[in-house]
Amino acid sequence: SAASDVYKRQFRQWFQPYVQYCLRVKQTMAYAREQQDSNPLFCAFVQWCEKHKRSGRQMLGDLLIKPHQRITKYPLLLQAVLKRSPEARARKALNAMIAAVESFLQHINKQVRHSEEQESLVAAAQRIGPYEVLEPSSEEIEKNLRPFSSLDLMSPMLGVAREHIRQLLLEGPVRVKEGREGKLDVYLFLFSDVLLVTKPQRKGDKAKVIRPPFMLEKLVCQPLRDPQSFLVIHLTEFQCVSSALVVHCPSATDCAQWLEKTQQAQVTLQKLKAEEYVQQKRELLALYRDQDQDQECQGTRPSTPSPEGSQKNTEGRNPELSTIIPHLVVTEDTDEDAPSPPNTPNTCLLYTSDAAD
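Criteria and thresholds
Each chain carries its own residue numbering, running from 1 in the written order of its sequence. Per-residue local features are limited, in this predicted model, to residues with pLDDT of at least 70; the limit for side-chain atom pairs, both in listing and counting, is 80 or more; totals at the level of whole chains, interfaces and linings are taken over all residues. Think of the side-chain values as coming from all heavy atoms in the structure, minus any hydrogens and water. Here a strand is any run of E in DSSP of at least two residues, a helix any run of H or I of at least four, and the numbering for each starts at the N terminus. Contacts are residue-level and defined by heavy atoms, with any inter-residue pair within 4.5 Å sufficient. All accessible areas in this document rest on Shrake-Rupley with a 1.4 Å probe, and a residue is counted as covered only by the protein chains that are shown. In this analysis the probe radius is 1.4 Å and the grid spacing 1 Å, with only protein atoms considered; a cavity is a set of points the probe fits into but cannot get out of, a pocket is an open set with protein on both sides within 12 Å along at least five of seven lines, and lining residues have an atom within 4 Å of a point. Grid points are joined across faces, edges and corners, and a volume is the space filled by probe spheres set on the points. Note that Gly is not counted as nonpolar here; it falls among the polar residues with everything else outside the nonpolar set of Ala, Val, Leu, Ile, Met, Phe, Trp, Tyr, Cys and Pro and the charged set of Asp, Glu, Lys and Arg. A side-chain nitrogen of Lys or Arg and a carboxyl oxygen of Asp or Glu constitute a salt bridge if their distance falls within 4 Å. Burial classes follow relative accessibility: with a 1.4 Å probe on protein chains only, a residue under 20% of its type's maximum area counts as buried, one over 50% as exposed, and anything between as partly exposed. In plain words, nonpolar cores are sets of buried Ala, Val, Leu, Ile, Met, Phe, Trp, Tyr and Cys residues tied together by side-chain atoms within 4.5 Å. Axis angles are defined between N-to-C directions and span 0 to 180 degrees, where every axis is a line fitted to C-alpha atoms and, for a helix, only to the segment in contact. Each angle gets one of four labels, with under 35 degrees taken as roughly parallel, over 145 as roughly antiparallel, 65 to 115 as roughly perpendicular, and the rest as oblique. Helix crossings get a hand from a simple test, with the near helix turned counterclockwise from the far one by less than a right angle marking a left-handed crossing and a clockwise turn marking a right-handed one. Two N or O atoms form a polar contact when they lie within 3.5 Å of each other; inside protein one atom must be a possible hydrogen donor and the other a possible acceptor, and for residues adjacent in sequence the pair counts only when both atoms belong to side chains. Confidence scores here are pLDDT values: one per residue, from the predictor, ranging 0 to 100. Paired rings are identified among Phe, Tyr and Trp, the last through its six-membered ring, by centres lying within 6.5 Å, and are further divided according to the angle between planes into stacked (under 30 degrees), edge-to-face (over 60) and tilted (the rest).

Visitor: When you look at the overall build of the chain in this model, what are you seeing that I'm missing?
Guide: Each helix and strand in the chain was counted, giving ten helices and eleven strands. Across the chain, every contact between residues at least 6 apart in sequence was considered, and the portion connecting residues at least 24 apart equals 55%. Counting only carbon and sulfur atoms, one obtains 54% of the accessible surface of the chain, whose full area is about 23700 Å².

Visitor: Looking at this structure, I do not really get empty space enclosed by the protein. What am I missing?
Guide: Empty pockets left among the atoms are what a rolling probe the size of a water molecule brings to light. Following the criterion strictly, the structure yields one cavity of 30 Å³ or more and no others. The space that makes up the largest cavity amounts to roughly 50 Å³. When grouped by side-chain class, the residues that make up the lining of the largest cavity number four nonpolar, no polar and three charged.

Visitor: Looking at this structure, how should I read the layout of surface pockets?
Guide: Its boundaries defined by the atoms lining it, the second largest pocket holds a volume of some 290 Å³. Surrounding the second largest pocket, 15 residues form its lining, Glu-117, His-164, Ile-165, Gln-167 and Leu-272 being those nearest its centre. Secondary structure elements with two or more residues in the lining of the second largest pocket: helix H6 (88–126) and helix H8 (252–298).

Visitor: So what exactly am I meant to see when it comes to the pattern of salt bridges here?
Guide: Should their charged atoms come close, side chains of opposite charge can pair. The tally for this structure, following the rule as stated, stands at nine salt bridges. Here Asp-185 makes a salt bridge to Arg-175, at a shortest N to O gap of 3.0 Å. Placement of Asp-185 in strand S3 (residues 184–191) and of Arg-175 in strand S2 (residues 168–177) is noted, with a sequence separation of ten residues between them. Judged by its relative accessible area of 43%, Asp-185 falls in the partly exposed class.

Visitor: Got a minute to help me understand the nonpolar core in this structure?
Guide: Formed by 25 residues in total, the largest nonpolar core has its most connected members in Val-174, Leu-188, Leu-195, Phe-230, Val-232, Val-247 and Trp-258. Elements supplying a minimum of two residues to this core: S2, S3, strand S4 (194–200), strand S7 (219–223), strand S8 (229–235), strand S9 (241–248) and H8. A per-element tally of this core places H8 first, with five residues. The residues touching Val-247, leaving out its near neighbours within four places in the chain, are Val-174, Arg-175, Val-176, Leu-188, Gln-228, Ser-229, Phe-230 and Val-232. Core analysis: the next-biggest nonpolar cluster, separate from the first, contains 18 residues, Phe-11, Leu-82, Ala-100 and Leu-105 among them.

Visitor: Sorry, what's going on with the packing of helix H2 (residues 16–38) against helix H3 (residues 40–51) here?
Guide: Each packed pair of helices is defined by two parameters, the angle between the axes and the distance between the axes. Running from N to C, H2 and H3 cross one another at 110 degrees; their axes reach a closest spacing of 6 Å. Comparing their axes, H3 and H2 come out roughly perpendicular. The crossing of H2 and H3 is left-handed. Only Pro-40, Phe-42, Cys-43 and Val-46 of H3 make contact with H2, whose side of the interface consists of Ala-32, Gln-35, Gln-36 and Ser-38. Of the residues in the contact of H2 with H3, the class split is five nonpolar, three polar and no charged.

Visitor: Would you mind showing me how to read the side chain of Arg-166 here?
Guide: As for its position among the elements, Arg-166 is in the loop between helix H7 (139–145) and S2. Engagement of the side chain of Arg-166 in a polar contact is seen with the backbone oxygen of Leu-153, the distance being 2.4 Å. At 2.8 Å, the side chain of Arg-166 and the backbone oxygen of Ser-155 are in polar contact. With sequence-adjacent residues up to four places away left out, Arg-166 is seen in contact with Leu-121, Leu-153, Met-154, Ser-155, Pro-156, Met-157, Phe-191, Ser-192, Asp-193 and Val-194.

Visitor: Help me understand the side chain of Gln-167 in this model?
Guide: Of note, Gln-167 is situated in the loop between H7 and S2. Taking the relative accessible area as the measure of exposure, Gln-167 reaches 16% and is therefore buried. If sequence neighbours within four positions are ignored, Gln-167 has contacts with Glu-117, Ser-120, Leu-190, Phe-191 and Ser-192.

Visitor: Mind showing me how you'd approach the confidence of the model for the chain here?
Guide: Detailed reading of the predicted coordinates is not advisable wherever pLDDT falls low. Per-residue confidence for the chain averages 82 on the pLDDT scale, and 82% of its residues sit at or above 70. Note that pLDDT drops below 50 for residues 304–357; the model gives that stretch 77 contacts with residues more than four away or on any other chain.

Visitor: What should I look at first to understand unusual backbone geometry in this one?
Guide: Phi angles above zero are rare outside glycine, and Gln-239 is one such case at about 60 degrees. Inspection of the secondary structure assignment puts Gln-239 in the loop between S8 and S9.

Visitor: Mind showing me how you'd approach the packing of H2 against H6 here?
Guide: Interaxial distance between H2 and H6 falls to 10 Å at its minimum, and their mutual angle equals 35 degrees. The two elements H2 and H6 meet at a crossing, and its hand is right-handed. Residues Gln-16, Tyr-18, Val-19, Cys-22, Leu-23, Lys-26 and Gln-27 of H2 touch H6, and the partners they reach there are Phe-104, His-107, Ile-108, Gln-111, Val-112, Ser-115, Glu-116 and Glu-119. Of the residues that constitute the contact of H2 with H6, the class distribution is seven nonpolar, five polar and three charged.

Visitor: I'm lost on the packing of aromatic side chains in this one. Help?
Guide: To describe a pair of aromatic rings, you give the distance between the ring centres and the angle between the ring planes. Scanning the model with the defined rule gives six aromatic pairs in all. Relative to Tyr-18, the ring of Phe-15 lies with its centre 5.3 Å away and its plane at 45 degrees, an arrangement referred to as tilted. What makes Phe-15 buried here is its relative accessible area of 17%. Put simply, the rings of Phe-15, Tyr-18, Tyr-74 and Phe-104 pair up and form one aromatic cluster.

Spelled out as structure tokens, the structure:
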């Protein structure tokens, strides 16, 4: 309702500092502990404050976490007031306020979770070092390969909404066999969208990437007769094999875990890509409708799209729309909300630029 939307905006505006506080409360508590251990004056001050009657005899850590705990109690407080409010108008306002508070709590939890996932990805990325998937035959070749010999795990996942952050799902030592070559001891990292084959370095704690990244959407994992082994097949865009590895795990349990986690990651990734495809489709349809309405208001939209009509309409349209937004001819399917794979879209988009080159 309109009242609920107003309460949501007002509550989020008033309590915006809570978001920043909750995002940094762990760092704040860690900093306070560090200062208590290393700064005698700070330690003495904290002890004096904790013994003061105005602090309620609470420890510094309890006081620092209290704002985070208090915000979660507001819905309970409002629910108690609602039970004792017989007037219909008051109950309606209270219900709207409860919805606003709960929406804000979801917003905080989402921001905190996003921050924790970002920190987790940073920690994982710092453990993975050089990208050495090829052995250059000369210094000249190595120099030309150098600009393309790096892997940025902090980059967004392709085809997925930016709010979803790549996560490390599983890792561990295995032995791999490629072709007729002997077995090689490696360390695998399974992320939300990619499988990395790395080799731990003797010096330092980083692992270097020794095979091109295996993108999960192009990956096929097949169990073998050996319960401790499975086959990893990486496909090209033409759905034919580009490389294959036989992975030997330390135990049958480890092998089953790798297969299960990889399958779960693939299902989740496919779902996220389908959701993003549907969202982009809706945005394109909305963009087309807005453009169509703008043209109708100006009386310049032709009844049938044609190159001649498109050229004539350029003069009557907003120049900004002509240069930025291409003309879209959209064919809508009957079930717009059904998530279909991005490779088989249900919407046909024909871009016909009306702007001058």
